Amino acid sequence: MAAAWELSRPKEERFRDPDYPDAEYEITVYEQAWRLGGKGASGRDEYGRIREHGIHIWLGFYENAFRMMRECYAKAAKDGMGPTADADKVLPYASVDQAFFPEQHIGVATKYPNELWRIWSGLLPPTEGLPGTPLDEETNPFTLQAYLSRCLEVSKALIHSILATPAGEEGSPGAPRPDGRSALDEILDLKFSSFNPLDSPTVLVERMGEMLRGAVLTTAAGVLQGVTILETMLRQRDSAPPFSEGVLKFIEALAGEARKQLRDFVAIDPETRLKTQVLDLIMTIMIGLVQDRVLTDPRGLDVINHIDCKRWLLKHGAVVESVESAFVTGLYDLAFCYHRGDRKQPALAAGQAIRGALRMFFSYRGSIFWRMRGGMGETVFSPLYRVLRSRNVTFKFLHTLKDVTFSGKGHDVRVETLTFSVKEPSPQAKFTDDRPLDHFGCWRHLPPETTAETDTVLFDGKQFDAVVFAMGIDDFRRVCGKNLEKLEKPNTLWKRMFETTETVATQGAQVWMTHDINQLGWKRGSVLVSALEGPFETWADMTHTLAAEHAWRAHPEAPEAAKRYGPDVKSVAYFCGLLPESEITHKVRKVDRDRGDNRVHASVTRNLRKLLVERAHVFWPAVAPRADGRHRGRALKLLATDNGRKGGTLDHQHRQASFRGSDRYTLAVPGSLQYRISPLKRLVMNMTIAGDWTECGFNEGCIEAAVMSGMLAANAISGSPNTNDIIGYHHP
Amino acid sequence: MTAQADSQAGPARFSRPRPKLEGPNRGFGGYYRSSDHKVAGKVFRGVPLQTAEDTAVAAVRMGYRVIDAQIDRALDMARRLRGAATRAGVKDSNDVLDQAERMLSRGGLLALEWLETAANRPENPLMRLLAAEYRLLGSVLGFPIDSDKTSEKETPKKSTDTQPSKPTSTAATAAPSWRVRIHHTQPEVEKRRAIAITKFEMTGAAVRRSAAYDVRFHPTSAASGALLKGLLRREANAGWVLEILTEDEPSGRWRAAVCTAQGDQVGIIEIRL
């Protein structure tokens, strides 16, 4: 979509390289599904409920993706598209600011012995500016000043959030905070501009105690950090003048003493252990960056992509407890970074992990996370569809790419033919390429009924001049892999990429509950919590989407069944996680596709049952079983039906298994990223590639990577946009 | 996708243009990016600062903003303290805090002014200290500060900086900027033209000499034969004076070589009339 967006951009709005021709393009998008979005597609069922592929949250550093959406919504508004427009122009939201809202609350779960869980959650500070708006001098995060101030703010927020964890919460994660206060209240208290010490001497004393505890530890950590970095630099720099043995010994002794003090302090104050893990990780990353000379290497952070992030942290002195802490586990879980979906085999390239963390924490604008008010399909892909059509882009749905042939060799390889298998929608389905959206501007959850399936062949120079393959790597490998590998010259490049790039299957679920989250026992407000172990490592409260579902049903043209939707749904929770290959392989072997799909979906349903019975009490304490085992599986009794009433079952809930082709998630596996091929690389004269699996500057599966890759693909064809205009592309 | 053919391989077959790069430039400068600007309604997007020199310049400028922010923060703190004292019932604290605030503000500004003035004087010990620190930092971060990099710096490159460039020799690398005074030798006041120095580069050899240099400015754009005569000499306080005689020469950029009597070039000056 990003490639189509850039290639269809009006000439006067292009930021192109002047050496390239300023051409106009006729663009046709061939989509195998009945809706746009691939892994990000979503739709509405017959009751208006949102059905997603997984949990989609936008990060505040998605500058390129947000910029595209801002431009898109601005054009849509200019052309009269929006919630009040007629059927051909209707969209659920009128602007980006309506479609997205900031989220600062994030959490990770930690498991202690005896199945005792505890959830840390904190609010990361808001910043000036909004993602996707011009990087003016006030909000530009890519400056020394911004890096320094963000570093201080984020560290302070992390430390405050840990210090602010109320006593008495041990053993009952998610329990009410004192006086029913939220984490937000506590963070506000810690901002001294709004805290009057004269009003509350007790609070003042408490704060002083907390500050003292924090100050001692921070000072110790600071000393240790400084000394250790100095020690590392002195030991590692080849060009440094030889230092006397005495100086080194003195520094070693100093570092040793500081470490001992820190260890002793933590030993007598377990409350600060979580905080020391944060400090230990920050310290280790800084030491590692200096030791491996990452900051000055022309390859930037890519220089350490050959090693797994956890191993890299251990190599540079982090303690095992920190490396296995919830913070690091959460980082892995959010990006599904496990070989074959096996939690025992973590795999995340260290350089990309740190780049991701730097971008995530230090270069966001407005808020670290941004939620969509509705489904990703209608929030992102509906306006893109409508505006692209207004730019004369043609869409052809239900076209599955079956075969691709190439001609030539060496430096003159070309795509000769594209063969599509085309499904014809039945007339009853009321589905056409021009009207794939419903009365509210949303995509449908289920595909339209089809009648016939025929093949269509397109020829180079006749039906197309250039092609961008923008599917997932598994589908690309399936269709083009063998033919590309047969080609003489670039043989090894394609082959290496196919061999080293791994994908993983994921599973998602959405459950509509008859209790709100306060009644379920979670009192800290809406949140995204990761590191819950499997099945489904991540939980997000998505109750805000109920408003979007209600608006769909309230539309005059909504189906009659939807208008009879019950009043009992009070909250909705989304879950997402790995789907281990061990749960898939034997289920799809030697059976037809439909049967294999059913078997895997049954497995996801079992996993959801397991989560709700055995793990839901971690974030919903009110459904915890009693000590005698009574009330076990209480969460199952609080499910709503698909038409919004009490007494629902698992079959009424949404379950998603994403394990085939482009639905799979691409991993940033150590030792693989250097073999990714950039859309800019000219290996085939009339073809390029796009997707978050390409070398796009940010090599981790996410919306931003997909958009950056699309922009590069457009550049490869037309020279626009200039790579300097792709924000973060040249980030080390 | 179908595209208007821009064929390199044949009359009707599209071929992708040859890419200028095939992957990101992960150099240190990529951490930074200049801000977007809007001029006459058109947006000029920022660019990553690709060279270490661009980055260092940007970092120095940002450093000034950090200092500004610190002053603002200190003033804000003083105001809040004053508010707290008032709430606590201290009647005469306002005057005390006002004085403190004023002192803090003036002290900070004076300190900055002193630092800037002192750092601008090449022979000042503070400047030597800053130079040493810059070299240490530069060597750690991999900035090209060694004398063998001089030739690289002289090659034309894109830069966001509009200040006069810094000297390229090792000895003078640390000088944040040269202080150049312009002295008009034209006796008729109405013929004195406004002059701005856009480039001032001197080698270490020139810095160490105390001689005066005759300079002749040539226009950079037009092929006119007009010349501007000037004299460049050192001042007692280690700054430079450019004595220049203007008449009715065309406006624009003018450039002059600074040469010794033997003809060795020791610097370049560029001015805008």
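Keep in mind that this is a model prediction, so the values were computed, not measured. (Residues numbered from 1 in each chain as written. Chains lettered and ligands numbered in written order. Predicted model: local features only at pLDDT ≥ 70, side-chain atom pairs only at ≥ 80, totals over all residues. Heavy atoms only, no water.)

**Observations regarding the nonpolar core**
All names here are of chain A. We count it as follows: The term nonpolar core refers to a set of buried residues drawn from Ala, Val, Leu, Ile, Met, Phe, Trp, Tyr and Cys, joined through side-chain atoms within 4.5 Å. A 1.4 Å probe rolled over the protein chains alone gives each residue an accessible area, and that area as a share of the maximum for its type sets the label: buried under 20%, exposed over 50%, partly exposed in between. In this description a helix means any DSSP run of H or I spanning at least four residues, a strand means any run of E spanning at least two, and both kinds are numbered starting from the N terminus. In this description, contact between two residues means that some pair of their heavy atoms is separated by no more than 4.5 Å.
Counting 129 residues, the largest nonpolar core has Trp-58, Tyr-62, Phe-100 and Val-380 as its most contacted members. When residues in this core are grouped by element, the largest group, nine residues, is from helix H20 (residues 703–718). Those residues in contact with Val-380 that sit more than four places away from it in its chain are Trp-58, Met-69, Phe-100 and Met-372. Core analysis: the next-biggest nonpolar cluster, separate from the first, contains 37 residues, Ala-109, Val-511, Ala-573 and Val-600 among them.

**Details of unusual backbone geometry**
Residues and elements named next belong to chain A. Each neighbour pair has its own omega, and for Ser-720 with Pro-721 the value is 0 degrees, a cis peptide bond. Examined against the element boundaries, Pro-721 turns out to sit in the segment after H20. The backbone of Leu-398 shows a phi angle near 60 degrees, a positive value even though the residue is not glycine. Tracing the backbone through its elements, the reader meets Leu-398 in the loop between strand E10 (394–396) and strand E11 (399–407). Accessibility expressed as a relative area gives 5% for Leu-398, which makes it buried. Positioned with a positive phi, Ala-531 is a non-glycine residue whose angle comes to about 65 degrees. Turning to its location among the elements, Ala-531 is positioned in the loop between strand E17 (528–530) and strand E18 (538–541).

**Considering the pattern of salt bridges**
For clarity, the cut-off: Within this document, salt bridges are pairs made up of a side-chain nitrogen of Lys or Arg and a carboxyl oxygen of Asp or Glu, the two lying within 4 Å of each other.
Under the definition given, this model contains 30 salt bridges over all chains. Between A:Arg343 and A:Glu537 there is a salt bridge, with its nearest N and O atoms 3.4 Å apart. Placement of A:Arg343 in the loop between helix H11 (326–334) and helix H12 (350–362) and of A:Glu537 in the loop between E17 and E18 is noted, with a sequence separation of 194 residues between them. Residues participating in the shared-partner salt-bridge network are A:Arg414, A:Glu416, A:Asp460 and B:Arg13.

**Re the pairing of strand E7 (residues 228–234) of chain B**
Residues and elements named next belong to chain B. Here is the rule: When DSSP finds two or more bridges between two strands, those strands count as paired.
Residues Leu-228, Gly-230, Leu-232 and Arg-234 line the buried face of E7, whereas the alternating positions Lys-229, Leu-231 and Arg-233 sit on a face that is not buried. When strand E6 (residues 213–219) meets E7, the two strands line up antiparallel, connected through five bridges. If you follow Arg-216 over to E7, its bridge partner there is Lys-229. Bridge count between E7 and strand E8 (residues 240–245): six bridges; the pairing is antiparallel. For Arg-234, the partnering residue across the bridge sits in E8 and is Trp-240.

**Describing the sheet that holds E11(A)**
Residues and elements named next belong to chain A. Spelled out, the test is: Axes here refer to lines fitted to C-alpha atoms; in helices the fit is confined to the stretch in contact. Angles between the N-to-C directions go from 0 to 180 degrees.
An order of E11-E12-E13 is seen for the three strands of this open sheet, with the pairing classed as antiparallel. The open sheet has two free edges, formed respectively by E11 and strand E13 (450–459), since each of these has just one partner strand. Taking each pair of neighbouring strands and ignoring which way they run, the sheet shows an average axis angle of 15 degrees. Pairing geometry for strand E12 (residues 414–425) and E13, over eight bridges, is antiparallel. Bridge pairing in E13 places Ser-421 opposite Asp-455.

**Regarding the sheet that holds strand E19 (residues 571–578) of chain A**
Residue and element names in this part refer to chain A. Sheet architecture is open: seven strands sit in the order E8-E7-E17-E18-E19-E16-E20, paired in mixed fashion. Both edges of this open sheet fall to strand E8 (116–123) and strand E20 (654–658), since each of them pairs with a single strand only. Adjacent strand axes in the sheet meet at a mean angle of 15 degrees when their direction is disregarded. Taken together, the three bridges between strand E7 (residues 105–112) and E17 define a ladder with parallel strand orientation. Each bridged residue has a counterpart across the sheet, and for Val-108 the counterpart in E17 is Ser-530. Packing against the sheet, H11 makes contact with E7, E8, E17 and E18, and its axis sits at approximately 115 degrees to E7. Strand contacts of helix H19 (residues 593–615): E8, strand E16 (506–513), E19 and E20, with the helix running at about 125 degrees to E20, the strand carrying the most contacts.

**Some points on the packing of helix H2 (residues 63–78) of chain A against helix H13 (residues 376–390) of chain A**
Residues and elements named next belong to chain A. Let me state the cut-off plainly: For classification purposes, angles smaller than 35 degrees are called roughly parallel, those larger than 145 roughly antiparallel, those between 65 and 115 roughly perpendicular, and all remaining angles oblique. Crossing handedness is read from the near helix: turned anticlockwise from the far helix by less than a right angle, it gives a left-handed crossing, and turned clockwise, a right-handed one. Gly falls in the polar group here, along with every residue not listed as nonpolar (Ala, Val, Leu, Ile, Met, Phe, Trp, Tyr, Cys, Pro) or charged (Asp, Glu, Lys, Arg).
At a closest axis distance of 9 Å, the pairing of H2 and H13 adopts a crossing angle of 60 degrees. One way to sum up the angle between H2 and H13 is to call them oblique. Handedness of the H2/H13 crossing: left-handed. Contacts from Met-68, Met-69, Cys-72, Tyr-73, Lys-75 and Ala-76 in H2 reach Glu-378, Thr-379, Val-380, Pro-383, Leu-384, Val-387 and Ser-390 in H13. In the contact of H2 with H13, the residues fall into nine nonpolar, two polar and two charged.

**A look at the packing of aromatic side chains**
Residue and element names in this part refer to chain A. Our working rule: A pair of aromatic rings is counted whenever rings of Phe, Tyr or Trp (Trp by its six-membered ring) have centres within 6.5 Å, and the orientation is called stacked for planes under 30 degrees apart, edge-to-face for over 60 and tilted otherwise. Ring-over charges, as used throughout, are those where CZ of Arg or NZ of Lys falls within 6 Å of the ring centre and within 35 degrees of the ring normal.
Overall, the coordinates contain 30 aromatic pairs over all chains when judged by the stated rule. Here a set of aromatic residues connected by ring pairs shows up, and it is made of Trp-58, Phe-61, Tyr-62, Phe-66, Phe-100, Trp-370 and Phe-698. The ring of Phe-459 carries Lys-462 above its face, with NZ or CZ at 5.7 Å from the centroid. Here the guanidinium or amino end of Arg-553 rests over the ring plane of Tyr-565, the centre of that ring lying 3.6 Å away.

**Some remarks on the side chain of A:Arg70**
Secondary-structure assignment places A:Arg70 in helix H2. Aside from chain neighbours lying at most four places away, what touches A:Arg70 is A:Val96, A:Asp97, A:Leu130, A:Pro131, A:Gly132 and A:Thr133.

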